[in-house]
Structure formats: C-alpha cells, structure tokens
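Results of the structural survey
Chain by chain, the residues run as shown.
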Amino acid sequence: MRAFAFGAIILPSAVEKTMGATDAAFAGSIPAIYEQYMGPMFFEPYAEDMAERLRDVRQGRILETAAGTGIVTRALVRSLPPQVEIVATDLNQAMLDLASRRLQAPNVKWQQADAQKLPFEDASFDAIVCQLGVMFFPDKLAAYREALRVLRPGGRFAFSV
C-alpha cells in the first residue's frame, strides 16, 4: 500500500485518490475547525517560513494555490510590501469565504480555482506559492504544468509537502 505522510497523519493512496472529489465539499463547520485547530498546529509555522522565502519579492503578482483559510496569505501580507498583489485561490469556496472574513487587504484577491486548470493568462505571475496542497492534487503533473504556464520567465514556484 502506498501511503503519504503528513505530520502524524498517514493517508493511504485510496484516501488520496478520493480527496480531489471531496475537497470542494469542505463546508459547514469544517473550515472553522481547520482554521482553529489544524492551522495553529500544522500550518502557521510553515506559513511564516514560506513567507520568509518570498520576502525579496518587492513588486508584481503572487499566486497562491490551495490557499485554504488563508494562513499563508496572511503571512505573505505581513511580510511583503502592499504593492505586491496576491491572488489566493482554492478549490473550496467555503474555505475562501472564511479566509476573506479573516483578511481584508486591498492587495489580496480571493478566487475559487482548480490548481490543475488555472483561469489565468500565460506568464501572469512572478511567483506561485502552495503550502501543503500539492499532495492533494489528483493530477500533480497537470498542476505543475499549469503553474509553469502562468509563471513569468524567471519566476519562482515555492511549495511544501
């Protein structure tokens, strides 16, 4: 059995295959539980690290895929100048709804999008960020191709799993 390790959580390949179908169904109290419990425990320390790695971005556009409740987005806003535009996307609208209530910043746009089929023009972002989301993409190769397509020449794709 193929398994993916995430902290102390083991996801067998059968679970991983169904995640794509269920990600969009995270609704009700799930986004709030995710934000309140999983965020501080699993995601916030890595979000600060991710934002630190992009601290040298002084202008342009950053795309965040699998933004969830906006934990990385908030870290990016704290560490980047306000002229850097951040487009934070997620497949799940309920997660983005919670994220947009937690952060209202003029340089942040929240948009529902599938990282495997991004609704953006070619070469339209200076950097792409994805924290702990790549492992849930059913077609990782398609997501990587999309990231490369929307990334400007010389841009960066920073992700963690």
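In what follows, the structure referred to is the one given above.
Just so it is clear, the structure is predicted and the values come from calculations on it, not from any experiment. (Residues numbered from 1 in each chain as written. Predicted model: local features only at pLDDT ≥ 70, side-chain atom pairs only at ≥ 80, totals over all residues. Heavy atoms only, no water.)

For the rest of this paragraph, the subject is the nonpolar core. Counting residues in each nonpolar core, the largest one holds 24 residues, and the members touching the most others are Leu54, Val57, Ile62, Val72, Leu76, Leu80 and Val129. The set of elements that each furnish at least two residues to this core consists of α2 (30-53), α3 (71-79) and β6 (125-131). No other element matches α2, which puts five residues into this core. In this structure, Ile62 is in contact with Val57, Leu76, Leu80, Val84, Glu85, Ile86, Val87, Phe125, Ala127 and Val129, ignoring residues within four places of it in sequence. (Core = buried A, V, L, I, M, F, W, Y, C linked by side-chain atoms within 4.5 Å. Buried < 20%, exposed > 50% of the residue type's maximum accessible area, 1.4 Å probe, protein only. Helix = DSSP H or I, 4+ residues; strand = E, 2+ residues; numbered from the N terminus. Contact = heavy atoms within 4.5 Å.)

This part is about helix α4 (residues 93-102). Those residues of α4 not exposed but buried are Met95, Leu96, Leu98 and Ala99. Down the axis of α4, the buried set is contained in an arc of 160°. They therefore lie on one face. (Arc of directions from axis to C-beta.)

Attention now goes to the pattern of salt bridges. Applying the stated criterion across every chain yields a total of eight salt bridges. Among the salt bridges present, the one from Arg78 reaches Glu48, with a minimum N-O distance of 2.3 Å. Of this pair, Arg78 sits in helix α3 while Glu48 sits in helix α2; the two residues are 30 residues apart in sequence, bridging distant segments of the chain. You can call Glu48 partly exposed: its relative accessible area is 40%. Note that Glu146 is salt-bridged to Arg149, the shortest N-O span being 2.9 Å. Taken together, the positions of Glu146 and Arg149, both in helix α5 (residues 140-150) and three residues apart, correspond to about one turn of that helix. For Glu146, a relative accessible area of 14% corresponds to the buried category. (Salt bridge = Lys/Arg side-chain N within 4 Å of Asp/Glu carboxyl O.)

We now examine empty space enclosed by the protein. Taken as a whole and judged by the stated rule, the model has one cavity of 30 Å³ or more. In this structure, the largest cavity occupies an estimated 60 Å³ of space. Every residue lining the largest cavity is listed: Leu63, Thr65, Ala115, Leu118, Ile128, Val134, Phe137, Ala143, Tyr144, Ala147 and Phe157. If one sorts the elements of the lining of the largest cavity by residue count, α5 sits on top with three residues. (1 Å grid on protein atoms, 1.4 Å probe; cavity = no way out; pocket = protein on both sides within 12 Å on 5 of 7 lines; lining within 4 Å. Points joined across faces, edges and corners; volume = space filled by probe spheres on them.)

Before going further, it helps to spend a moment on the environment of Leu148. Structurally, Leu148 can be placed in helix α5. It is 8.7 Å that separates the C-alpha atoms of Leu148 and Asp122, two residues lying 26 residues apart in sequence.

The subject of this paragraph is α3. Within α3, seven of the nine residues are buried, which leaves it mostly tucked inside the rest of the structure. Of all the positions in α3, only Ile71, Val72, Thr73, Arg74, Ala75, Leu76 and Ser79 are classed as buried.

This part is about the packing of aromatic side chains. What the rule picks out here adds up to four aromatic pairs. Pairing Tyr144 with Phe159 gives two aromatic rings, centres 5.8 Å apart and planes at 35°, and the pair type is tilted. Here Tyr144, found in helix α5, pairs with Phe159, found in strand β7 (residues 151-160); they are 15 residues apart in sequence, far enough to count as distant. Take Tyr144: its relative accessible area is 31%, and that puts it in the partly exposed class. For the pair Phe157 and Phe159, a centre-to-centre distance of 4.9 Å together with 35° between the ring planes defines the contact as tilted. (Phe/Tyr/Trp six-rings, centres within 6.5 Å; stacked < 30°, edge-to-face > 60°.)

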